[in-house]
Amino acid sequence: MVVYVVRHAWAGNKQEWSGPDDARPLDAFGAVQADALGDAFSPRAVRQILSSPSERCVATVAPLAERTGRPVRATAMLAVGGATSQLRNLLVHPSADGSVLCTHGEVMRPLLSWLHDLDVLIDADDPGDEHLLSKGTGWAVELTRGRRPTLRHVAPMPVRCPTTT
């Protein structure tokens with residue numbers, strides 16, 4: 001069973017955005033990242049696309065939705081402050097196989113900690129937590145009963161240095 005967890009693409013500087021944070025759109029670089037993510041994930045067996053309701057998350061997986069013909073379903077579980085226990089339950093449920101989940105770093109950090117506690121095998125060029133949490137990248141999390149869980153980092157573009165949030 002494989003579940004894909006994606007951190008939204010770049011969305012400019014949070015401090016420079018005057019509107020509600022959930023309405024903050026992708027910046028130009030983020031739009032390129034979203035397109036690259038769509039290319040990277042579309043050949044995979046994507047069964048459903050779930051996203052935080054935030055504009056930047058929905059826009060991150062929109063190119064994937066276009067390529068696969070799967071709708072983006074917004075869920076508060078993937079929003080900042082969402083129910084971490086619900087997300088963990090979803091990750092291990094057989095119905096999540098082939099799901100792409102788009103969320104925020106604030107959600108992915110505790111999820112990564114939980115995966116560390118499960119003794120997940122991290123398959124990445126740079127297994128450092130900050131690298132695994134880079135915007136516009138994702139994880140392929142393989143959770144198969146009887147096997148050690150595996151996390152493969154999916155970075156369709158070079159990781160950008162954090163100059164904005």
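It should be noted that the structure appears before, not after, this text.
The notes below deal with the structure included here. The model shown is predicted, which means the values in this text are computed figures rather than measured ones. (Residues numbered from 1 in each chain as written. Predicted model: local features only at pLDDT ≥ 70, side-chain atom pairs only at ≥ 80, totals over all residues. Heavy atoms only, no water.)

The subject of this paragraph is helix H2 (residues 55–68). Over its 14 residues, H2 extends 20 Å from the first C-alpha to the last, a length consistent with the 20 Å expected when each residue adds 1.5 Å. Along H2, the helix axis deviates most sharply at Ala-62, where the bend reaches about 35°; the proline Pro-63 sits within four residues downstream. Residues Arg-56, Cys-57, Ala-59, Thr-60, Val-61, Pro-63, Leu-64 and Ala-65 constitute the buried set of H2. Residues of H2 that are buried in the fold lie against strand S1 (2–7), helix H1 (28–41), strand S2 (48–51), strand S3 (72–74) and strand S4 (99–103). Phi for Gly-69, located one or two positions after H2, is positive at around 75°. (Helix = DSSP H or I, 4+ residues; strand = E, 2+ residues; numbered from the N terminus. Expected span 1.5 Å × (residues − 1). Bend = angle between axes of the 7 residues up to and from the residue. Buried < 20%, exposed > 50% of the residue type's maximum accessible area, 1.4 Å probe, protein only. Contact = heavy atoms within 4.5 Å.)

Of the pockets and cavities examined, the second largest pocket occupies roughly 180 Å³. In terms of lining, the second largest pocket is formed by Met-1, Val-92, Pro-94, Leu-143, Thr-144, Arg-145, Arg-147 and Pro-149. Its residues assigned to classes, the lining of the second largest pocket comprises five nonpolar, one polar and two charged. (1 Å grid on protein atoms, 1.4 Å probe; cavity = no way out; pocket = protein on both sides within 12 Å on 5 of 7 lines; lining within 4 Å. Points joined across faces, edges and corners; volume = space filled by probe spheres on them. Nonpolar A, V, L, I, M, F, W, Y, C, P; charged D, E, K, R; others polar.)

Here His-153 is to be found in strand S7 (residues 150–154). Assessed through its relative accessible area of 16%, His-153 is described here as buried. At a separation of 3.4 Å, a polar atom in the side chain of His-153 contacts the main-chain carbonyl oxygen of His-131. In this view, His-153 contacts Asp-123, Ala-124, His-131, Leu-132, Thr-137, Gly-138 and Trp-139; residues no more than four positions away in its chain are not counted. (Polar contact = N/O pair within 3.5 Å; in protein donor to acceptor, adjacent residues only side chain to side chain.)

With that settled, consider the environment of Glu-130. Relative to the helices and strands, Glu-130 resides in helix H5 (residues 129–132). Each C-alpha atom of the pair Glu-130 and Arg-109 lies 9.1 Å from the other, and the pair is 21 residues apart in sequence.

This part takes up the pairing of S2. On any regular strand, side chains alternate: one points to one face of the sheet, the next to the other face. On S2, burial covers both faces: Gln-48 and Leu-50 on one face and Ile-49 and Ser-51 on the other are all buried. Where S2 meets S4, four bridges bridge the pair, whose relative direction is parallel. Bridge assignment links Ser-51 to a residue of S4, and that residue is Cys-102. Bridge analysis of S2 against S3 gives three bridges, and the strand direction is parallel. Note that in S3 the partner of Ser-51 across the bridge is Ala-74. As for the winding sense of the linkage, the β-α-β connection from S2 through H2 to S3 is right-handed. (Pairing = 2+ DSSP bridges. Right-handed = clockwise from strand over helix to strand, strands pointing away.)

Moving on: the environment of Cys-102. With respect to the helices and strands, the residue Cys-102 is situated in strand S4. The class of Cys-102 is buried, set by a relative accessible area of 0%. It is 11 Å that separates the C-alpha atoms of Cys-102 and Ala-34, two residues lying 68 residues apart in sequence. In contact with Cys-102, other than residues within four places in its own chain, are Val-6, His-8, Leu-50, Ser-51, Ser-52, Cys-57, Thr-60, Val-61 and Leu-78.

With that settled, the discussion passes to unusual backbone geometry. At Asp-119, a residue that is not glycine, the phi angle is positive and equals roughly 65°. The class for Asp-119 is partly exposed, based on a relative accessible area of 47%.

Generally speaking, a soluble globular protein has its nonpolar side chains buried in company with each other. Residues Val-5, Leu-87, Leu-91, Leu-101 and Trp-139 are the most contacted members of the largest nonpolar core, which totals 23 residues. For this core, the secondary structure elements donating two or more residues are S1, helix H3 (84–92), helix H4 (105–117) and strand S6 (138–142). If you tally residues by element for this core, the top one is H4, at six residues. In this structure, Tyr-4, Val-6, Leu-37 and Val-154 belong to the second largest nonpolar core, which totals 15 residues. (Core = buried A, V, L, I, M, F, W, Y, C linked by side-chain atoms within 4.5 Å.)

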